[in-house]
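# Reading the structure
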Amino acid sequence: MINRTTFIAVSCASLLAGCAGLVSVSDKEVVDTLKASFSERGIAKLDRLDQSELQKACSEYARSDLPKPLREKLEKAALAAVKYPADGKYLGDWKKGEKVAQGGRGLQFTDKPGAANGGNCYACHQLDKKELSYGNIGPSLWNYGKLRGNSEPIMKYTWAKVWNAHAFNACSQMPRFGDASILTQSQLKDVMALLLDPASPVNK
Amino acid sequence: MRTNMIGRVSAFALTAALGMAGISSALAQGKDPTIEAIEKYREMLQDGNPAELMVAKGEELWKQKRGPKNASLEACDIGLGAGVVDGAYARLPRYFADTNEVMDFESRLVHCMVTLQGYKREDVIKKPFSGGGQKATDLEVLTAYAVDASRGVTIAVPQSHQKEIASFKRGEKMFYFRGGPYDFSCATCHAVDGQRIRLQDLPNLTQEGPARRAFATWPAYRVSQGAVRTMQWRLNDCFRQQRFPVLKYGSQASIDLITFLGVNANGGKMDSPAIKR
């Protein structure tokens, strides 16, 4: 063992070669390199590179499962921070919800602050079957409400899922549409209606 | 390919002219402009790559004496020795002893424009990418020329120097780094087979096949933008959609990510400038 270690050290020192195992890169070095490599523009400031606890954990465990206690801790914290609609009404206007689902603008360094953001649901999900241009990173939501009904527990769960998907899947790839203030309460209600209103084309 | 350049460029110009004539007549007949645009698009994808014009311009610019030092780029060492362009792009990023840094092609190009031609770095990188409808930037045409000189060459991004290994390892961690208001990382879109955003296929860049295709086909002429887009542009625009701040041209993170992709792509064959939607 000692001989082999010495041999590797010598060959690395002399050739600067074949020492992949001996080159290590710390998380701090990665973050420092990133911070030096980006510049702020418009609404996109450098603090976007400061990771939350959740972002950090989901980066570290991107290629493996989160340890169970950490996963449960993150999910519990996400669920506890969900803000449900103050007036107790979950469903808005599905027609407006469809517009939110289609729109993709918002929070890019080229976007002006102030204008309403889109939810870009179709980027990752199938919703209304008439829209053929949909992505597949998330599951199909066609007939979402038809399959589940719109009882209080289903509405509450769906609201929380859209508000912060990490509440149910710690390292979900879905943006935190409520928690990160991507959509307003009123837009969230419209998206809820698109998913759950029996009149919505999603449930036809 | 370059010996045949003039003939192919003329053929392309003719096709473009016919395409435009087609659109005017379509409008006169009241055809749906969207359908017409798609037809034009398909036609352009089939009938030649406008990047060939950029390659020709880039070659001319490479050999032209320019800048405060009135020098050409012919003495530029992009990894295979001063003046060697053929095959060099396929072996970048790599470590350069004179700067003691790992550099990708575009960073090395900027370095040569500064050291050989006497330009100021901040001027060279002030506007690296052309806007919609604008003519290609010097960096874009010079990059198109250099990558074309590696067409068909096997991708061989080195991992021998410690700094090359460190660049790969940082790039790998950056690929999985989740941040910003959407919590996205590169891996959100590029680490699973068969995924798409809307109808756009997303290559799984952790797999050899898609990584090779991606590395081999950038830079590319983007038909939808009417411009040659480089690898630095590709990363910059990914980060825009990732809701990150602006990736600086030639920054360490950009080089590290290109190293990560390039090493994953080793063994593939360069086929750039490609033509894309």
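Residues numbered from 1 in each chain as written. Chains lettered and ligands numbered in written order. Predicted model: local features only at pLDDT ≥ 70, side-chain atom pairs only at ≥ 80, totals over all residues.

What follows deals with the overall build of chain A. Of regular secondary structure, chain A possesses nine helices and one strand. For chain A, the C-alpha radius of gyration of 22 Å lies well beyond 17 Å, the compact-globule estimate for 204 residues. Looking at chain A as a whole, 36% of its 204 residues are labelled buried. In chain A, 58% of the contacts between residues at least 6 apart in sequence involve partners at least 24 apart. (Helix = DSSP H or I, 4+ residues; strand = E, 2+ residues; numbered from the N terminus. Rg over C-alpha atoms; globule rule 2.2 N^0.38 Å. Buried ≥ 20, exposed ≤ 12 C-beta atoms within 10 Å, placed from the backbone. Contact = placed C-beta atoms within 7 Å.)

This next bit is on the overall build of chain B. Counting its secondary structure elements, chain B contains eleven helices and eight strands. A buried classification covers 45% of the 277 residues belonging to chain B. Put simply, of all contacts in chain B between residues at least 6 apart along the chain, 70% involve residues at least 24 apart.

Within the fold, G118 of chain B resides in the loop between α4 (105–115) and α5 (121–124). Taking C-alpha positions, G118 of chain B is 5.2 Å from P68 of chain B, a pair spaced 50 residues apart along the chain.

Further remarks concern the interface of chain A and chain B. With 42 residues of chain A at the interface, the matching set in chain B holds 39 residues. Of all the elements in the fold, those that place two or more residues in the side of chain A that touches chain B are α2 (27–37), β1 (38–39), α3 (53–60) and α6 (121–124) of chain A. Per-class residue counts for the side of chain A that touches chain B are 24 nonpolar, twelve polar and six charged. Across two bridges, the pairing between β1 of chain A and strand β7 (residues 246–247) of chain B is antiparallel. When the sheet's bridge partners are listed, F38 of chain A is paired in β7 of chain B with L247 of chain B. (Nonpolar A, V, L, I, M, F, W, Y, C, P; charged D, E, K, R; others polar. Pairing = 2+ DSSP bridges.)

The tendency in soluble globular proteins is for nonpolar side chains to be buried as a group. Y89, A146 and L261 of chain B are the most contacted members of the largest nonpolar core, which totals 69 residues. If you tally residues by element for this core, the top one is helix α11 (residues 252–265) of chain B, at eight residues. Within the second largest apolar cluster, 37 residues are counted, among which are A78, Y122, Y144 and L188 of chain A. (Core = buried A, V, L, I, M, F, W, Y, C linked by C-beta atoms within 7 Å.)

Attention now moves to the packing of helix α9 (residues 208–216) of chain B against α11 of chain B. All names here are of chain B. Across the interface, α9 lies against α11 with an axial gap of 7 Å and an inter-helix angle of 120°. With respect to each other, α9 and α11 are oriented oblique. As α9 packs across α11, the resulting crossing turns out to be left-handed. Contacts between α9 and α11 involve E208, A211, R212, A214, F215 and A216 from the first element and L261, G262, N264 and A265 from the second. (Axes fitted to C-alpha atoms, helices over the stretch in contact; angles between N-to-C directions. Parallel < 35°, antiparallel > 145°, perpendicular 65-115°, else oblique. Left-handed = near helix turned anticlockwise from the far one by under 90°.)

Attention now moves to α9 of chain B. Here α9 of chain B has its buried residues at A211, R212, A214, F215 and A216 of chain B. If you follow the buried residues of α9 of chain B, they end up packed against α11 of chain B.

Running from N to C, α2 of chain A and helix α7 (residues 162–175) of chain B point in directions that differ by 80°, and their axes come no closer than 10 Å. In terms of their interaxial angle, α2 of chain A and α7 of chain B are classed as roughly perpendicular. Side by side, α2 of chain A and α7 of chain B meet where E29, V30, T33 and L34 of chain A of the first sit next to R170, K173 and M174 of chain B of the second. Along the lines of polarity and charge, the residues of the contact of α2 of chain A with α7 of chain B split into three nonpolar, one polar and three charged.

Glancing now at the sheet that holds strand β6 (residues 227–229) of chain B. Residue and element names in this part refer to chain B. In space, the three strands of this open sheet follow the order β6-β5-β8, with mixed pairing throughout. Each edge of the sheet is formed by a strand with only one pairing partner; in this case those strands are β6 and β8 (274–276). For this sheet, the mean inter-axis angle between neighbouring strands, taken without regard to orientation, is 35°. Judged from the three bridges that link them, strand β5 (residues 220–222) and β6 form a sheet pairing that is antiparallel. Its bridge partner lying in β6, R222 is registered against A227.

Looking now at helix α5 (residues 94–102) of chain A. All names here are of chain A. Of the positions making up α5, those classed as buried are W94, G97, E98, V100 and A101. Along the axis of α5, the buried positions cluster into a sector of 160°, meaning they face one direction only. Contacts from the buried residues of α5 go to α6 and α9 (185–196). (Arc of directions from axis to C-beta.)

With that out of the way, let us pick up the confidence of the model for chain B. Residue and element names in this part refer to chain B. For chain B, per-residue confidence averages 89 on the pLDDT scale, and residues scoring 70 or more make up 83% of the total. Note on residues 1–28: pLDDT is under 50 here. Beyond four places in sequence and across chains, it has 23 contacts. The complex prediction reports pTM at 0.87, with the ipTM value standing at 0.90. (pLDDT = per-residue confidence, 0-100.)

It is worth spelling out unusual backbone geometry at this point. With the exception of glycine, most residues fall at negative phi, and the peptide bonds are largely trans. Residues and elements named next belong to chain B. Going from L92 to P93, the amide bond is cis rather than trans, its omega being 5°. Mapped onto the secondary structure, P93 falls in the loop between α3 (51–63) and β1 (94–96). Here the bond from S272 into P273 is cis, since omega is 0°, no more than 30 degrees from zero. With respect to the helices, strands and loops of the structure, P273 is situated in the loop between α11 and β8. Unusually for a residue other than glycine, N70 sits at a positive phi of about 45°. Note on placement: N70 falls in the loop between α3 and β1. When the 10 C-beta atoms within 10 Å are taken as the criterion, N70 is described as exposed. The backbone phi angle of R243 is positive, close to 65°, even though this residue is not glycine. With respect to the secondary-structure elements, R243 resides in the loop between α10 (231–241) and β7.

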